[in-house]
Amino acid sequence: MIWQLGSDATLQTVLGIESSCDDTAAGIVRAGGGRVEILSSVVAGQNDLHAAFGGVVPEIAARAHAERLDHAVEQALAAAGMRLDEVSAIAVTAGPGLIGGLLAGVMFAKGLSAASDKPLVGINHLAGHALTPRLTHQLAFPYLVLLVSGGHAQFLIAEGADRFRRLGGTIDDAPGEAFDKVAKLLGLPQPGGPSVEREAASGDPFRFGLPRPLLSQPGCDMSFSGLKTAVLRARDECMAAAGGLRRQDRRDLCAAFQAAVADILVEKSRRAIEAYLATDPAHPAFAVAGGVASNQLLRGQLETLAAQKGVTFVAPPLPLCTDNGAMIAWAGIERLRLGLIDDLSLAARPRWPLDDRAPAQLGSGRKGAKA
Ligand code: KG4
Ligand code: ZN
């Protein structure tokens, strides 16, 4: 079978499917001739299913994806006013992530591809996040991106849709994971990021002196696990002193934790920007992507840093920071333009680093399973 592959001028309308963690998502993006349009983006979360367990249960997530994928795709097509035979290709997250969810998505996309004779494009979930600034702001390569999500924290120079250079990342927890754990130990609902951010709004970030691990070390590597342990200790002290955790203690702990995460990310971003600028990019730009990029304090501080450094700053709108199908559809368009398509041998890859040359680190996509 011969498929017509696109240049920038060719109009492509791609269906994107995402099921690597706990969001079942489908989105449709149309691009070509200098225009990009998100025709639909449907996200069905699973917070209700995992709430009782205090974290994502992989088997429950996989089953829910298998049950919900067809509905998500139907809704995405309906919202775009399209039929499946009108899309140019089907893009699907093939890794990294939880294997059960990835398999559900890849198998489903293969079925759609075979039934509709549409090309299949396997997408690296991290590339989906990292390429989103091109969907929303048409950023030119090479740009620097800070990718911060539930399973990842890394600085990447995006050199092309299929070429990323990793400058550094977390050596232990991802910041989103730290937000989730802190929420759990303070009795706040999941996902932790939005809950902690809400509480922090009326908290005092200076009451508790939390550590900033690795801040004085050179380079762009980061660490968040000590921070979470420090919150645990401060919480226990508060509880011992007052016979329970008072409302204001919780708010102050959230504010202190959020401020510490932002400090670490901003200082390491300063170093990453300097390393990136040393490569003499034509149009220097710094983007932030992934679920944690929805955090308002972080967005504000990174924007200030970028202005100080004289680089363009891009933070995608909040629904495109957290997991969604539109980013997978867009990454599909990017790959189609490079002539990169897959066939029915496409495999789900729970581990799949964006930069094969960088050393393995937790959250690099080579170790661990979260996306
Ligand atoms: O990118 P994403 O939706 O999924 C992964 O690929 O992991 O990121 C989810 C993570 C969760 O850990 C969640 O707590 C965090 O992003 N998050 C936030 C905020 N919104 C979501 N963290 C801090 N502040 C937020 N407003
Ligand atoms: Zn993600």
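Everything below is about the structure printed above this text.
So, how was this worked out
Residues numbered from 1 in each chain as written. Chains lettered and ligands numbered in written order. Predicted model: local features only at pLDDT ≥ 70, side-chain atom pairs only at ≥ 80, totals over all residues. Heavy atoms only, no water. Helix = DSSP H or I, 4+ residues; strand = E, 2+ residues; numbered from the N terminus. Rg over C-alpha atoms; globule rule 2.2 N^0.38 Å. Buried < 20%, exposed > 50% of the residue type's maximum accessible area, 1.4 Å probe, protein only. Contact = heavy atoms within 4.5 Å. Areas by Shrake-Rupley, 256 points an atom, 1.4 Å probe, with all protein chains shown as cover. Donors = N, O, S within 2.8 Å, 3.2 Å for Na, K, Ca; no water. Tetrahedral: all angles 85-135°; square planar, octahedral: opposite > 155°, others 65-115°. Core = buried A, V, L, I, M, F, W, Y, C linked by side-chain atoms within 4.5 Å. Domains from an automatic or database assignment. Polar contact = N/O pair within 3.5 Å; in protein donor to acceptor, adjacent residues only side chain to side chain. Phe/Tyr/Trp six-rings, centres within 6.5 Å; stacked < 30°, edge-to-face > 60°. Salt bridge = Lys/Arg side-chain N within 4 Å of Asp/Glu carboxyl O.

## Some thoughts on the overall build of the protein chain
Check the secondary structure of the protein chain and you find eleven helices and ten strands. Its C-alpha atoms give the protein chain a radius of gyration of 20 Å, within 12% of the compact-globule value 21 Å for 371 residues. For the protein chain, the residues scored as buried account for 55% of the 371 residues in total. Look at the contacts in the protein chain between residues 6 or more apart in sequence, and 71% of them connect residues 24 or more apart. Total accessible area computed for the protein chain in this model is approximately 15000 Å², and 53% of it derives from carbon and sulfur atoms.

## Some details on the coordination of the zinc ion (ligand 2)
Note on the zinc ion (ligand 2): its protein donors are His 125 (NE2), His 129 (NE2) and Asp 323 (OD). The metal-donor distances range over 2.0 to 2.1 Å. One can describe the donor arrangement at the zinc ion (ligand 2) as irregular, given that its four donor atoms subtend angles of 94 to 140° at the metal. Every donor residue of the zinc ion (ligand 2) comes from the same chain, spaced as H-x3-H-x193-D. Of this pair, His 129 sits in helix α4 (residues 125-137) while Asp 323 sits in the loop between α10 (318-321) and α11 (325-337), and the two are 194 residues apart along the sequence. Judged by relative accessible area, which is 12%, Asp 323 ranks as buried.

## Notes on the nonpolar core
Soluble, globular proteins show a tendency: their nonpolar side chains are buried together. With 85 residues, the main nonpolar core has Tyr 143, Phe 257 and Phe 286 as its most contacted residues. Each of two domains, domain 1 (2-137 + 319-369) and domain 2 (143-316), supplies a minimum of three residues to this core. Other than its neighbours up to four places away in sequence, Tyr 143 contacts Ala 130, Leu 131, Pro 133, Arg 134, Leu 156, Ile 157, Ala 158, Tyr 276, Ala 285 and Ala 287. In this structure, Leu 39, Val 73, Met 82 and Ala 104 belong to the second largest nonpolar core, which totals 27 residues.

## Concerning helix α6 (residues 192-200)
All buried positions along α6 are accounted for by Gly 192, Gly 193, Ser 195, Val 196 and Ala 200. On its buried side, α6 packs onto α5 (175-185) and α8 (247-277).

## Observations concerning the side chain of Asn 324
Inspection of the secondary structure puts Asn 324 in the loop between α10 and α11. Owing to a relative accessible area of 0%, Asn 324 belongs among the buried residues under this scheme. A polar contact of 3.5 Å, which involves the side chain of Asn 324, links it to the backbone oxygen of Leu 320. Here the side chain of Asn 324 touches Met 327 through a polar contact of 2.8 Å, landing on its backbone nitrogen. What Asn 324 contacts, discounting residues up to four positions off in sequence, is Glu 18, Ala 25, Ser 41, Val 43 and Pro 319.

## Looking at the packing of aromatic side chains
Evaluated as defined, the whole model comprises three aromatic pairs. Here the aromatic rings of Phe 141 and Tyr 143 are separated by 5.8 Å at their centres, their planes lie at 10°, and the arrangement is stacked. Its relative accessible area of 0% is what places Tyr 143 among the buried residues. Here Phe 179 and Phe 257 contribute two aromatic rings whose centre-to-centre distance is 4.9 Å and whose plane-to-plane angle is 80°, an arrangement assigned as edge-to-face.

## Thoughts on α5
Of all the residues in α5, the buried ones are Pro 175, Gly 176, Ala 178, Phe 179, Val 182, Ala 183 and Leu 185. Contacts made by the buried residues of α5 are with β6 (143-148), β7 (153-160), α6, α7 (225-242) and α8. Just downstream of α5 lies Gly 187, where phi reads positive at about 75°.

## Side note on the pattern of salt bridges
For the structure on display, the rule yields 20 salt bridges. Across the salt bridge formed by Glu 334 and Arg 134, the nearest N and O atoms sit 2.6 Å from each other. One end of the pair, Glu 334, is in helix α11; the other, Arg 134, is in helix α4, and 200 residues separate them in sequence. Across this residue pair, the class does not change: Glu 334 and Arg 134 are buried. For Arg 165, the salt bridge goes to Glu 159, with nearest N and O atoms at 3.2 Å. It is possible to trace a salt-bridge network through shared partners that takes in Asp 173, Glu 177, Lys 181 and Lys 228.

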